[in-house]
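Residue-level structural notes
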Amino acid sequence: MLSHADNRKLTQVGAGTPMGALLRRYWMPVAAVDAFDAESVRPVRLMGEDLVLYRDRAGTFGLVDRHCPHRRADMAHGFVEDCGLRCHYHGWLFDETGRCLSQPYEDIAHPEAKFKDKIRIPSYPVEIKADLVWAYLGPDPPPLIPDWEVFHWENGFRQIVFAEVPCNWFQCQENSIDPVHFEWLHLNWSERLRETGGGYSPRHLKLGFEEFAYGHVYRRVREGTDETHPLWRIGRVCLWPNALFTGTHFEWRVPIDDENTLSVTWSYAKVPKDREPYVQQGTIPSWRGPVREPGSERWITTHVMNQDFVAWAGQGTVADRTAEQLASSDEGVLMLRKRFLEEMDRVERGGEPKALMRDREENRRVRLPVADRKAVEEGISREDMLRHPFMRSFLVDGYPFQQGQPSAVRRDYEQAMGIA
Ligand code: FES
Ligand SMILES: [Fe+2]
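Given the structure is predicted, the values throughout are model-derived calculations rather than measurements.

Here the focus is the overall build of the chain. Across its full length, the chain holds 12 helices and 19 strands. Computed over the C-alpha atoms, the radius of gyration of the chain is 23 Å, within 12% of the 22 Å expected from 2.2 N^0.38 for a compact globule of 420 residues. Seen through its principal axes, the chain has C-alpha atoms that stretch 80 × 55 × 50 Å. Put simply, of all contacts in the chain between residues at least 6 apart along the chain, 62% involve residues at least 24 apart.

Now for the packing of helix α1 (residues 4–11) against helix α8 (residues 331–348). Where α1 contacts α8, the two axes come as close as 10 Å, and the packing angle between them is 80°. Accordingly, the angle class assigned to the pair α1 and α8 is roughly perpendicular. On α8, the residues that touch D6, K9 and L10 of α1 are R337, F340, L341 and M344. Taken together, the residues of the contact of α1 with α8 break down into four nonpolar, no polar and three charged.

A separate point is the pairing of strand β2 (residues 41–46). With six bridges joining them, β2 and strand β3 (residues 49–55) adopt antiparallel strand pairing. Each residue of the ladder has a partner; that of R45, found in β3, is D50.

Turning next to the sheet that holds strand β18 (residues 260–270). Overall, mixed pairing links the eight strands, which are arranged β13-β14-β15-β16-β17-β18-β12-β19 in an open sheet. One side of each edge strand has no neighbouring strand; the edge strands of this open sheet are β13 (204–212) and β19 (286–288). Each adjacent strand pair in this sheet contributes to an overall mean axis angle of 20°, direction not counted. Taken together, the four bridges between strand β14 (residues 215–222) and strand β15 (residues 236–239) define a ladder with antiparallel strand orientation. Paired with H216 across the two strands is C238, which belongs to β15. α8 contacts β13, β14 and β15 of the sheet and is inclined by roughly 15° relative to β13.

Leaving glycine aside, a negative phi is the common case for residues, and trans is the common case for peptide bonds. Cis geometry marks the peptide bond from D140 to P141, where omega comes out at -10°. With an omega of -5°, the peptide bond between W240 and P241 qualifies as cis. In this structure, P241 sits in the loop between β15 and β16 (243–245). Residues other than glycine seldom take positive phi values, yet M47 does so here, at roughly 50°. Mapping M47 onto the fold places it in the loop between β2 and β3. The exposure class of M47 is buried, given the 23 C-beta atoms found within 10 Å. Unusually for a residue other than glycine, E195 sits at a positive phi of about 50°. Within the fold, E195 resides in the loop between α5 (180–194) and β13.

This part covers the environment of E227. With respect to the element layout, E227 can be found in the loop between β14 and α6 (230–233). In this structure, the C-alpha to C-alpha distance between E227 and F79, residues 148 residues apart in sequence, is 58 Å. For E227, the residues in contact, after removing those within four places along its chain, are V221 and W232.

The subject of this paragraph is the sheet that holds strand β5 (residues 79–80). The sheet built from four strands is open, its strands ordered β5-β6-β7-β8 with antiparallel pairing. Of all the strands in the sheet, just β5 and β8 (100–102) have a single pairing partner and so form its edges.

Right, let's get into the domain arrangement of the chain. Annotation of the chain at the domain level lists domain 1 (34–129) and domain 2 (143–417). For domain 1 and domain 2, the distance between their C-alpha centres works out to 35 Å. Contacts between the two partners involve eight residues from domain 1, matched on the other side by 10 residues from domain 2. Of the residues in the side of domain 1 that touches domain 2, the class split is three nonpolar, one polar and four charged.

Right, let's talk about α1 for a bit. For α1, every residue scored as buried is listed here: N7, K9, L10 and T11. Elements in contact with the buried residues of α1: α2 (18–23), α4 (169–174) and α8.

Among the five residues in strand β1 (residues 28–32), five count as buried, and that is most of the element. By the bridge criterion, four bridges tie β1 to strand β11 (residues 132–135) in an arrangement that is antiparallel. Within β11, the position partnered with A32 by the bridge is L132.

Right, let's talk about the packing of α5 against helix α7 (residues 304–314) for a bit. Between α5 and α7, the shortest axis-to-axis distance is 10 Å and the interhelical angle comes to 115°. Relative to α7, the crossing made by α5 is right-handed. Listed contacts from α7 to H181, L185, H186 and W189 of α5 are V304, Q307, D308 and A311. For the contact of α5 with α7, the residue count by class is four nonpolar, three polar and one charged.

By size, the foremost hydrophobic cluster in this structure holds 89 residues, and its most contacted members are V30, L46, L53, V133 and A135. Taken domain by domain, this core gets at least three of its residues from each of domain 1 (34–129) and domain 2 (143–417). Apart from the residues within four sequence positions on either side, L46 is in contact with M28, V30, L51, A135, L137 and I256. F157, Y413, A416 and M417 belong to the second-largest nonpolar core, a separate cluster that totals five residues.

Rules used in this analysis
- Residues numbered from 1 in each chain as written.
- Chains lettered and ligands numbered in written order.
- Predicted model: local features only at pLDDT ≥ 70, side-chain atom pairs only at ≥ 80, totals over all residues.
- Helix = DSSP H or I, 4+ residues; strand = E, 2+ residues; numbered from the N terminus.
- Rg over C-alpha atoms; globule rule 2.2 N^0.38 Å.
- Contact = placed C-beta atoms within 7 Å.
- Axes fitted to C-alpha atoms, helices over the stretch in contact; angles between N-to-C directions.
- Parallel < 35°, antiparallel > 145°, perpendicular 65-115°, else oblique.
- Nonpolar A, V, L, I, M, F, W, Y, C, P; charged D, E, K, R; others polar.
- Pairing = 2+ DSSP bridges.
- Buried ≥ 20, exposed ≤ 12 C-beta atoms within 10 Å, placed from the backbone.
- Domains from an automatic or database assignment.
- Left-handed = near helix turned anticlockwise from the far one by under 90°.
- Core = buried A, V, L, I, M, F, W, Y, C linked by C-beta atoms within 7 Å.

Here you go:
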């Protein structure tokens, strides 16, 4: 059982909080690059801060305060110029470092006052990696964005998927180290929802958890498998500080504020061997999926991550960890909480927290445990894909993780995979 104080410490992400200080030491994915083709200015709320993300006409991204320093107009209504974002109210123009480049009336009436040189809008660094837009809200110097090897994998179809989940981020991240939920929330619950008469799925017999440089690994033995199975030998990754890595996709749980989380999935689907070499053209497509049925309060339960969202939000807006009864299946959850409490203390004492990338050499195609590495490295035949539970559902039923995939993305996917 956790104290109220520790529950607050683990969940609150505002600028003045210990967790807020810890999470601000890492880059957070906040948007996909392709979205800026349609709309160059987008409001973003990140760790309780209201900001505006834009791409100017030269292609430079900027992340600035939501409100103009002149008289507080909403910069989300601003428009981009060759360099920077211009407030729509009186035309003050700011660049991505926060400098004020122009104050149209003052520049004409009182150029000698150089008032613009005294004005700044709060701004944060932005970088692009894997066609995601990443933001850094922490102290200088920013670390590097991890260059996961997966971002460089070839012969695959990539997509980026968002969802807004109305609950605190930390219960979402605890799910990243919770192997048993897979059997119940995804397999058995899906079976009951569909009533296909399939019975219960193979049970978990044994779990293992351990920490490594970039997070934690969890391992499982289920009925019908043993310790030679890749899901025991290699396992899956709870990626520090706020993601799950399954071996083919990342799911970041990005705190919007204390009560809302942006789920960001970066997904890679290997094409069958008969489609190699395959090169995905253009920017990775992104889309945003709903969490509730259209026009209704009913949660969507048809897809894997939608089921996760229902479980997370069902724990309460901020799960009350003072009322839990933890069991041996929660060993990983306990390890994660302990690590976070220690890392918050480390940052408070002025130290560097876990898994900050600073070394350019180390940060080159960084390898992570991948249970299906053989399929990724050697390729996989169409027949073997159809025998593999997840790859099969990708091929046959469509994107299995979230509802709402646009038909254009599905069409491109089918083209990549060679589905007639
Ligand atoms: S409020 Fe933005 S320019 Fe006046
Ligand atoms: Fe799940």
